[in-house]
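Each chain, letter by letter, is given below.
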Amino acid sequence: MSEIYDIGYRHYDGPRLGRGYSTRALTLHSLRGIFGLGRPARSKIMPFSLATIMLVPAIVNIALMALLRRSEIPYSGYAVIMQAVVAIFLASQAPTVVAPDLRYRVLPLYLSRPVAINEYVGAKVAAMTASVFLLIAVPLTLMYVSELVIDLPGPPATGEYAGSMTMALVLALLLSAFGLALASFTPRRGLGVASVITVYLLSFAAVPVIYGTLASTGNESQAAWAWLINPFWLVDSVQSWVFGTPPHSIEGDYPNGPASAAILVVLICAGLAALALRYRKAAAR
């Protein structure tokens, strides 16, 4: 014979932390997932391996500082030099931020709580931006602290370091907006990885082809615009204009700075808008 137990029902009377807390919790959860924290050991292999590779040039440069009393790697050019590693990190980790929620269709569960689409997207972008920024900022900071400790001749390159950190944040936002937008169009992690890395390779390979074609016909001024196809050189062109750092393109020239900055802003807004539209469509299903 079955029995019915009256366990009662009581309303929650505790503190309500609000939508801001929910968004911060989602951001922290996503950031932990990017680095595989709280997940199986195999999830940590890729992000921490790439983070270690990012540190290698900085460690070598620190050794050269101690031996030769000069720095061989500029702060402003570190992200450009290591762009392949950053792109692989973005391609491998961006799908882990967006794919599971789409694959298991749990987005309506998030939205049933006090979290709107814009807050959900903002939390995901903030987590990915923070992870890419840390990937670039840690070796830069390590080099700067080592420069102060070793006490190289002349004043420390504080201005260049501060500028490179600022542009690292801008680069991280640009990459995250587009990386997450590309990865969000498929719930399959493998396809997300392939789509992000393919777009990066196309942007990297197209630059010398377009530049060489235009330069060979005498259109040097038009050829300089080819560098802006690649996000790393695009941000470097803005950095060169804003902070006066030397350009790190192969040919050493960029178009005028205000135009590069305008393109950068438009691309960031376009990436964020595409990501928001994608999730609005997914939430409506």
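Keep in mind it's a predicted model, so treat the numbers as computed, not measured.

Novice: So what exactly am I meant to see when it comes to a positive patch on the surface here?
Specialist: The grouping of Arg39, Arg42, Arg103, Arg188 and Arg189 at the surface amounts to a positive patch. Along the chain, Arg103 turns up in helix α4 (residues 83-103). With a relative accessible area of 37%, Arg103 lands in the partly exposed category.

Novice: Looking at this structure, I do not really get the layout of surface pockets. What am I missing?
Specialist: Space left empty within the atom packing is revealed by a probe, the size of a water molecule, rolled over the atoms. Within this model, the largest pocket holds a volume of roughly 290 Å³. What lines the largest pocket is a set of 17 residues, among which Leu175, Phe178, Val199, Ser203 and Pro231 lie closest to the centre. Elements with a minimum of two residues in the lining of the largest pocket: α4, α7 (158-183), α8 (189-216) and α10 (231-243). Considering each element in turn, the lining of the largest pocket owes the most residues, five residues, to α7.

Novice: Help me understand the packing of aromatic side chains in this model?
Specialist: Given two aromatic rings, their pairing is described by the distance between the two centres and the angle made by the two planes. In this structure the tally under the stated criterion is 11 aromatic pairs. With 5.9 Å between their ring centres and 45° between their planes, Phe35 and Phe89 make a pair best called tilted. You can see Phe35 sitting in the loop between α1 (18-34) and α2 (42-68) and its partner Phe89 sitting in helix α4, a full 54 residues away along the chain. What links up through ring pairs into an aromatic cluster is the set Tyr200, Phe204, Tyr211, Trp227, Phe232 and Trp233.

Novice: In this structure, what is going on with the side chain of Ser176? I would like to understand it.
Specialist: Mapped onto the secondary structure, Ser176 falls in helix α7. In this structure, Ser176 is in contact with Leu90, Val125, Met128, Thr129 and Val132, ignoring residues within four places of it in sequence.

Novice: Explain the packing of α4 against α7 here, please?
Specialist: For any two helices packed against each other, one specifies the crossing angle of their axes together with the interaxial distance. α7 packs onto α4 with a crossing angle of 55° between their chain directions and a minimal axis gap of 9 Å. One finds that α4 runs oblique with respect to α7. Considering only the axes of α4 and α7, their crossing is right-handed. Between α4, through Val86, Leu90, Ala94, Pro95, Val97 and Val98, and α7, the contact on the second element is made entirely by Leu175, Ser176, Gly179, Leu180 and Ala183. Residues of the contact of α4 with α7, tallied by class, amount to nine nonpolar, two polar and no charged.

Novice: Help me understand α10, please; the structure alone is not making it clear to me.
Specialist: For the α-helix, the turn length of 3.6 residues means that residues three or four positions removed from each other point alike. Along its 13 residues, α10 runs 18 Å from first to last C-alpha, staying within 8% of the 18 Å computed at 1.5 Å per residue. Of all 13 residues in α10, 10 are buried; the element is thus mostly enclosed. Along α10, the positions that sit buried rather than exposed are Pro231, Phe232, Trp233, Leu234, Val235, Asp236, Ser237, Val238, Gln239 and Ser240. In this structure, the buried residues of α10 make contact with α3 (78-81), α4, α7, α8 and α11 (257-283). Capping the start of α10 is the job of one residue whose side-chain oxygen sits 2.8 Å from the backbone nitrogen of Phe232: Asn230. Of the residues one or two after α10, Gly244 is the one with positive phi, at around 70°.

Novice: Help me understand the pattern of salt bridges in this model?
Specialist: As a working rule, side chains carrying opposite charge can pair if their charged atoms are close by. Within this structure, the stated rule accounts for one salt bridge. For Arg70, the salt bridge goes to Glu72, with nearest N and O atoms at 2.5 Å. Residue Glu72 is classed as partly exposed on the basis of its relative accessible area of 39%.

Novice: I would appreciate a short explanation of the nonpolar core in the present structure.
Specialist: In summary, soluble globular proteins display a tendency toward joint burial of nonpolar side chains. In terms of nonpolar packing, the biggest core is built from 65 residues, with Met128, Ile136 and Tyr279 touching the most fellow members. With 15 residues, the top contributor of residues to this core is helix α6 (residues 117-150). When sequence neighbours within four positions are dropped, the list of residues in contact with Ile136 reads Met54, Ala79, Val86, Ala168 and Leu171. Counting nine residues, the second largest nonpolar core, distinct from the first, contains Ala215, Ala223, Ala226 and Trp227.

Calculation rules
- Residues numbered from 1 in each chain as written.
- Predicted model: local features only at pLDDT ≥ 70, side-chain atom pairs only at ≥ 80, totals over all residues.
- Heavy atoms only, no water.
- Patch = residues over 30% accessible without salt bridge, like charges linked within 9 Å, V, L, I, M, F, W, Y side chains within 5 Å.
- Areas by Shrake-Rupley, 256 points an atom, 1.4 Å probe, with all protein chains shown as cover.
- Salt bridge = Lys/Arg side-chain N within 4 Å of Asp/Glu carboxyl O.
- Lys, Arg positive; Asp, Glu negative; His and termini not counted.
- Charge placed at Lys NZ, Arg CZ, Asp CG, Glu CD.
- Helix = DSSP H or I, 4+ residues; strand = E, 2+ residues; numbered from the N terminus.
- Buried < 20%, exposed > 50% of the residue type's maximum accessible area, 1.4 Å probe, protein only.
- 1 Å grid on protein atoms, 1.4 Å probe; cavity = no way out; pocket = protein on both sides within 12 Å on 5 of 7 lines; lining within 4 Å.
- Points joined across faces, edges and corners; volume = space filled by probe spheres on them.
- Phe/Tyr/Trp six-rings, centres within 6.5 Å; stacked < 30°, edge-to-face > 60°.
- Contact = heavy atoms within 4.5 Å.
- Axes fitted to C-alpha atoms, helices over the stretch in contact; angles between N-to-C directions.
- Parallel < 35°, antiparallel > 145°, perpendicular 65-115°, else oblique.
- Left-handed = near helix turned anticlockwise from the far one by under 90°.
- Nonpolar A, V, L, I, M, F, W, Y, C, P; charged D, E, K, R; others polar.
- Expected span 1.5 Å × (residues − 1).
- Polar contact = N/O pair within 3.5 Å; in protein donor to acceptor, adjacent residues only side chain to side chain.
- Core = buried A, V, L, I, M, F, W, Y, C linked by side-chain atoms within 4.5 Å.

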